[in-house]
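Analysis of the macromolecular model
Each chain, written out:
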Amino acid sequence: MTKVILIRHGQTSWNQSRRMQGGNNDTVLDEEGERQCRCLAERLKKENIKAVYSSPLSRAMGTAQWIADGHNLDVIEEPAFREMNCGTLEGAEIRDIGPRLQKLVMGGNEDELLFKRCGGESCDQLQNRAWTAILEKVEKHQDDTIVVVSHYFVLASILCAAVGIPATQLGRFRIGGTSICIVSFDSYGPFLSLFNDRCHLTPAY
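I will try to describe carefully the structure that is included in this document.

About the cut-offs
Residues numbered from 1 in each chain as written. Predicted model: local features only at pLDDT ≥ 70, side-chain atom pairs only at ≥ 80, totals over all residues. Heavy atoms only, no water. Patch = residues over 30% accessible without salt bridge, like charges linked within 9 Å, V, L, I, M, F, W, Y side chains within 5 Å. Areas by Shrake-Rupley, 256 points an atom, 1.4 Å probe, with all protein chains shown as cover. Salt bridge = Lys/Arg side-chain N within 4 Å of Asp/Glu carboxyl O. Helix = DSSP H or I, 4+ residues; strand = E, 2+ residues; numbered from the N terminus. Buried < 20%, exposed > 50% of the residue type's maximum accessible area, 1.4 Å probe, protein only. Pairing = 2+ DSSP bridges. Axes fitted to C-alpha atoms, helices over the stretch in contact; angles between N-to-C directions. Contact = heavy atoms within 4.5 Å. Parallel < 35°, antiparallel > 145°, perpendicular 65-115°, else oblique. Nonpolar A, V, L, I, M, F, W, Y, C, P; charged D, E, K, R; others polar. Left-handed = near helix turned anticlockwise from the far one by under 90°. Disulfide = S-S within 2.5 Å. Expected span 1.5 Å × (residues − 1).

Attention shifts here to a nonpolar patch on the surface. A grouping of Val163, Ile165, Leu192 and Phe195 is seen on the molecular surface, where their side chains present a nonpolar patch of about 280 Å² in accessible area. Inspection of the secondary structure assignment puts Ile165 in the loop between α7 (152-163) and β5 (180-186). Residue classification places Ile165 among the partly exposed positions, given a relative accessible area of 31%.

Our focus in this paragraph is the sheet that holds strand β4 (residues 145-150). Note on sheets: strands pair through backbone hydrogen bonds, and any given pair is parallel or antiparallel. Sheet architecture is open: 6 strands sit in the order β3-β2-β4-β1-β5-β6, paired in mixed fashion. Two strands in the sheet have a free side with no partner beyond their single neighbour: β3 (75-77) and β6 (189-197). Each strand of the sheet is rotated relative to its neighbour by a mean of 25 degrees, with strand direction disregarded. Relative to β4, strand β1 (residues 2-8) runs parallel, the two being bridged by 6 bridges. Its bridge partner being in β4, Val4 is matched across the sheet by Ile146. Together, β1, β4, β5 and β6 form the strand contacts of α7, whose direction differs from that of β1 by roughly 150 degrees.

In this section: the packing of helix α6 (residues 123-140) against α7. Packed helices, taken two at a time, are described by the angle their axes make and the gap between the axes. One can describe the packing of α6 onto α7 by two numbers: an axis separation of 9 Å at closest approach and a directional angle of 70 degrees. On the basis of the axis angle, α6 is roughly perpendicular to α7. Residues Leu126, Gln127, Ala130, Trp131 and Ile134 of α6 form the contact with α7, whose participating residues are Phe153, Val154, Ser157, Ile158, Cys160, Ala161 and Ala162. Split by residue class, the contact of α6 with α7 holds 10 nonpolar, 2 polar and no charged.

Positioned with a positive phi, Asn72 is a non-glycine residue whose angle comes to about 55 degrees. Mapped onto the elements, Asn72 comes out in the loop between α3 (58-69) and β3. Owing to a relative accessible area of 77%, Asn72 belongs among the exposed residues under this scheme. We note that Thr178 has phi near 55 degrees; this positive angle belongs to a residue other than glycine. Along the polypeptide, Thr178 turns up in the loop between α7 and β5.

Where helix α2 (residues 31-44) meets α3, the axes come as close as 8 Å, and the angle between the chain directions of the two elements is 35 degrees. The crossing of α2 and α3 is right-handed. Of the residues in α3, those touching α2 at Glu34, Cys37, Arg38, Leu40, Ala41 and Leu44 are Thr63, Trp66 and Ile67. Grouping the constituent residues of the contact of α2 with α3 by class yields 6 nonpolar, 1 polar and 2 charged.

It is worth spelling out the state of the cysteines at this point. Here the structure, examined in full by the defined rule, presents 0 disulfides. Counting only cysteine sulfurs, Cys118 is the nearest neighbor of Cys86, a cysteine outside any disulfide, at a range of 9.4 Å. The structure places no disulfide on Cys123, whose sulfur is separated from the nearest cysteine sulfur, that of Cys160, by 8.2 Å. Residue Cys123 is classed as buried on the basis of its relative accessible area of 1%.

Another aspect to go through is α7. Here α7 is 12 residues long and its end C-alpha atoms lie 17 Å apart, about the 16 Å a rise of 1.5 Å per residue gives. Judged by how many residues are buried, α7 sits mostly within the fold: 11 of 12 residues are covered. Of the residues making up α7, those classed as buried are Tyr152, Phe153, Val154, Leu155, Ala156, Ser157, Ile158, Leu159, Cys160, Ala161 and Ala162. A positive phi of about 80 degrees marks Gly164, the residue just after α7.

Another aspect to go through is the pattern of salt bridges. In the structure shown here, the tally under the stated rule is 7 salt bridges. Between Arg35 and Glu32 there is a salt bridge; the shortest N-O distance is 2.9 Å. Residue Arg35 and its partner Glu32 are both found in helix α2; the two are separated by 3 residues, about one turn of the helix. Residue classification places Arg35 among the buried residues on the basis of a relative accessible area of 16%. Residue Glu32 is classed as partly exposed on the basis of its relative accessible area of 25%. As a salt-bridge pair, Arg95 and Glu93 come within 2.7 Å of each other at their nearest N and O atoms. Residue classification places Glu93 among the partly exposed positions, given a relative accessible area of 31%.

Geometric values such as these leave the question of function open.
If you want it as structure tokens, here you go:
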């Protein structure tokens, strides 16, 4: 069985201010994000991790480096795990586009979804690149445990593929910063064995 540990990157200033943080904005971890990563790395020390893959964006690479350092591994950049291209909505405040984001929960006609209409990717385009990369990594690391560090939309699309629901339903998943989700692969196919686990995040004093 192959275990894929999916990690969302730690907090950035844009997460804190609730701005749309897509694949064309290279924000970095803030102080709280670094603290979250320390807790995460400590949590994962006992895992027998064979490889750490990451989106090339700084907030993901920074998170992945904390994990890799605990296992004497190098972080492997994977462009397919880059965050969704949100088009002209990148940088927008969530409160200003909340009603439109609701379409990601409702699903529907792909041509009506907000990012594609604004020059970005469709949910299906995102899922195709991300899930294809996951399957390639699983084929390469049979019976191993690997880590993939990425972003909300990417991880949600992967979870949709793993449980067999349309990519347009990705808004039904809530995935917190430095949370752990695990998708395992056995002879029957993929299954979700852990979701949005943040127990490692001890309170900050």
